[in-house]
Amino acid sequence: MPSKRKLDLPPAEIYKAAKLASNGSRHAHVEEDDDLEAGPAPPPEDDDGDYGPSAPPEDDDGDDEEGRFFGGGITETEKEVLDFMDSNQQSTAFDAGPETIDGSWLKKTALSFEKKISRNAELRAKFENDPSKFIDSEADLDSAIKSLSILSDHPSLYPLFAQLGSAASLVSLLAHENTDIAIDAVEILSELTDQDVSASEPDWSSLVNACLEADLLGLLTSNFSRLDETNESDREGVYHALSLLENLSSSPTICDKLGSDKPLVQYLLNRISTPQEKETSQNKQYSAEILAILVSSSLTNRTCLVSLNAVDILLQQIAPYRKRDPDKSSSSYTPEFIRNSFECLSSLVSSPEGKKAFIEAEGVELCLIMLKDGGPKITKPSSLRLLDHACAFSPEMATKIVTEGGLKTLFTMFMKNKTSIGQTTEHLIGIFASMLRFLPAESPERIRTLAKFVEKEYEKLEKTVQLRREYAARLGVVDAAIQEENNTLDRKEREEMEDEFFSRRLDAGLFCLQSIDVVLAWLIAEDDGARDKIKQLLADRDEDLGVLRKTIQEQIEGVDEGGEDGRETKEMLSTLVRFLV
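Residues numbered from 1 in each chain as written. Predicted model: local features only at pLDDT ≥ 70, side-chain atom pairs only at ≥ 80, totals over all residues. Heavy atoms only, no water.

1. Some thoughts on the overall build of the protein
Per the secondary structure count, the protein includes 28 helices and 0 strands. For the protein, the residues scored as buried account for 45% of the 581 residues in total. Counting only contacts in the protein whose residues sit at least 6 apart along the sequence, the fraction spanning at least 24 positions is 73%. Total accessible area computed for the protein in this model is approximately 31700 Å², and 50% of it derives from carbon and sulfur atoms. (Helix = DSSP H or I, 4+ residues; strand = E, 2+ residues; numbered from the N terminus. Buried < 20%, exposed > 50% of the residue type's maximum accessible area, 1.4 Å probe, protein only. Contact = heavy atoms within 4.5 Å. Areas by Shrake-Rupley, 256 points an atom, 1.4 Å probe, with all protein chains shown as cover.)

See below:
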């Protein structure tokens, strides 16, 4: 997971919550003023009177023969002893060390915190129209909030902090009339729940659950509506609130709760589509990132976002870049914002509702434009990936691609792609496999797709078989290494390593090889000319249809029949195998 993002501020404005220094003094002190003198006031300058005892003569060394000091009545030795004792006391005061942070400290701190909240509320109610009467109590409350930052170094105290009710009290300050107080409370909550804090799961959960029970989400949402991001302080407040949401989303259960909170999700969608914001700001990008986290979490979250018109809103955000990537004059946050917008869409179109909304919002047409004219670094590869996700398990999407002229664009990319192995190839093969599976039989769209594969003397078939050889060779190297490793393991160790071995095979291109073989199997099943050509191409390397049959049989054995999609997939693959003889 990427490292925790930091608020982007000029160095002079970076805010750090107050913490006790490891060797700092907690004693009160008074600042010295060069214009003031201690003791009684001096006599008037024009007064010639004598005051106090007379000073010794200037030519006197101050001591008598026995070593006594005339002005103080102490000997020089006694003076040295007193000076030593005084310096020792000062050293002891500074070397006492920081206060111990434990349960007793927290109880005292919590009591003081509650008193300052109550005192401020009391004075605000009593002197509502006279801020000067409660401004000092507000400053005390502000300091008390910031001092809680030290708890992030002692997360074992989180359960007690929640049990004492202090977590709920801290959350309640999000509703404070002074937005600066609310912002400080949000920032401290963000610090305490940060992923960099070494809190155990139970300790972290005890704090977060107490905050959620105190209506943290509702108060956060209401704060968003009253913060004005044209103000620097409010803009920082929004950032800290977004940071808190990111922290909370690290828990799958809480992430689902966030994603199903419609007012909160609506704010995030509104934030990324702010019309008056010409350049992508840090908070706009951050909002898109949190949306990407939420939609990738669960189907429930995706359904909620689709119901709030998220697909159309996100398509509008990427549309300005349909023929280009962000240029150097764009905000530094723009590329990441675009990637996160595509990430959101790729997750949303995995649901039936998302696919329908994608078609209605003309998402297919936009993707095809980007594939043809988009920038090579971001928009073109991102739109291809999005189209691959959208096409899966969707006859409507496959048909739409053909009717909108997508065959020419896709096959041109396929033939011109110089890098045989890579993301572009894998997504193109994925789209072809989905189209051959879901385009209705005997439909004009299916016939046009099959014709594309066999035109120009089967050149696309030749490239497909060549790709198969390259992926099979890569996978063969990994399989040989796994087999060699297996020979050194006993039965229990092999079982423990199964997931690791499967992951290695996926990294070597197993899924793409399986998709290629499905595409070839469909062509063999539906076109006699394609069947003969494929057999001829395989024979050039002393192979036959058995290599395809082996791969597809392996897919059949790995299909999860728990859902309807799994059962239909297994039935489709079993049918294709019968043609590979």
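2. Side note on the nonpolar core
By size, the foremost hydrophobic cluster in this structure holds 146 residues, and its most contacted members are L170, L216, F358, L410 and M435. At 11 residues, helix α25 (residues 510-526) tops the list of elements feeding residues into this core. In contact with F358, not counting residues within four places along its chain, are V311, L315, V349, G363, V364, C367, L386, A390 and M397. (Core = buried A, V, L, I, M, F, W, Y, C linked by side-chain atoms within 4.5 Å.)

3. Considering the packing of helix α17 (residues 363-373) against helix α19 (residues 395-403)
At their nearest, the axes of α17 and α19 sit 10 Å apart, and the two run at 50 degrees to each other. Considering the angle they form, α17 stands oblique to α19. Crossing handedness for the pair α17 and α19: right-handed. Taking contact as the criterion, the partners of V364, E365 and L368 in α17 are, on α19, M397, K400 and I401. (Axes fitted to C-alpha atoms, helices over the stretch in contact; angles between N-to-C directions. Parallel < 35°, antiparallel > 145°, perpendicular 65-115°, else oblique. Left-handed = near helix turned anticlockwise from the far one by under 90°.)

4. A closer look at a positive patch on the surface
On the surface, a cluster of positive charge is contributed by R322, K323, K372 and K408. Mapped onto the elements, R322 comes out in the loop between α14 (310-318) and α15 (334-348). (Patch = residues over 30% accessible without salt bridge, like charges linked within 9 Å, V, L, I, M, F, W, Y side chains within 5 Å. Salt bridge = Lys/Arg side-chain N within 4 Å of Asp/Glu carboxyl O. Lys, Arg positive; Asp, Glu negative; His and termini not counted. Charge placed at Lys NZ, Arg CZ, Asp CG, Glu CD.)

5. So, unusual backbone geometry
Unlike most non-glycine residues, F393 shows phi in positive territory, near 55 degrees. Within the secondary structure layout, F393 lies in the loop between α18 (379-391) and α19. Located in the positive-phi region is Y458, a residue other than glycine, with phi close to 60 degrees. Residue position: Y458 is located in helix α22 (residues 444-486).

6. A closer look at helix α28 (residues 564-577)
Helix length check: α28 (14 residues) gives 20 Å between terminal C-alpha atoms against 20 Å at 1.5 Å per residue, within 8%. For α28, the set of buried residues is G566, T569, M572, L573, L576 and V577. The arc that holds the buried residues of α28, viewed along the axis, is 140 degrees, so those residues lie on one side. Across α28 from its buried face, at more than 90 degrees, point the exposed residues E564 and E571. Of the surrounding secondary structure, the elements contacted by the buried residues of α28 are α21 (423-438), α25 and α27 (546-558). (Expected span 1.5 Å × (residues − 1). Arc of directions from axis to C-beta.)

7. Some points on a nonpolar patch on the surface
On the surface, F502, L506 and F511 cluster together to form a nonpolar patch covering roughly 320 Å² of accessible area. Checked against the element boundaries, L506 lands in helix α24 (residues 498-507). The exposure class of L506 is partly exposed, given its relative accessible area of 38%.

8. Comments concerning the packing of helix α11 (residues 262-272) against helix α12 (residues 282-295)
Contact geometry for α11 and α12: axes closest at 8 Å, N-to-C directions at 135 degrees. By the angle between their directions, the pair α11 and α12 is classed as oblique. Relative to α12, α11 is oriented so that their crossing is left-handed. Counted together, V265, L268, L269, R271 and I272 of α11 and N283, K284, S287, A288, I290, L291 and L294 of α12 form the full contact between these two elements. Split into classes, the residues belonging to the contact of α11 with α12 amount to 8 nonpolar, 2 polar and 2 charged. (Nonpolar A, V, L, I, M, F, W, Y, C, P; charged D, E, K, R; others polar.)

9. Here's the deal with the pattern of salt bridges
Within this structure, the stated rule accounts for 21 salt bridges. A salt bridge links E232 to R235, with the shortest nitrogen-to-oxygen separation between them at 2.3 Å. You can see E232 and its partner R235 sitting in helix α9 (residues 232-248), 3 residues apart, about one turn around the helix. For E232, a relative accessible area of 28% puts it in the partly exposed group.

10. What about the packing of aromatic side chains?
This model, assessed by the stated rule, comprises 7 aromatic pairs. On the numbers, 5.5 Å between centres and 85 degrees between planes, the contact of F414 with F432 is edge-to-face. Within this pair, whereas F414 is found in helix α20 (residues 406-416), its partner F432 is found in helix α21, the two being separated by 18 residues in sequence. Grouping residues by exposure puts F414 and F432 together as buried. Taken together, the ring pairs connect F411, F414, F432 and F453 into an aromatic cluster. If you follow K133 out to its NZ or CZ, it ends over the ring of F127, 5.8 Å from the centre. The aromatic ring of F414 is capped on one face by K463, whose charged end is 5.5 Å from the ring centroid. (Phe/Tyr/Trp six-rings, centres within 6.5 Å; stacked < 30°, edge-to-face > 60°. Lys NZ or Arg CZ within 6 Å of the ring centre and 35° of its normal.)

11. Thoughts on the environment of S205
Mapped onto the elements of the fold, S205 is located in helix α7 (residues 201-213). In this structure, the C-alpha to C-alpha distance between S205 and Y158, residues 47 residues apart in sequence, is 8.9 Å. Separated by 2.9 Å, the side chain of S205 and the backbone oxygen of E201 make a polar contact. (Polar contact = N/O pair within 3.5 Å; in protein donor to acceptor, adjacent residues only side chain to side chain.)

12. Digging into α25
Taking 1.5 Å as the rise per residue, α25 with 17 residues should run 24 Å; its terminal C-alpha atoms sit 25 Å apart, in good agreement. Across the 17 residues that make up α25, a large majority, 14, are buried.

13. Let's talk about the confidence of the model for the protein
On average, residues of the protein carry a pLDDT of 87, and 83% of them reach 70 or more. Across residues 10-72, where pLDDT falls below 50, the model places 38 contacts with residues more than four positions away in sequence or in other chains. Per-residue pLDDT stays below 50 along residues 91-96; that stretch engages in 2 contacts with residues further than four places along the chain or on separate chains. (pLDDT = per-residue confidence, 0-100.)

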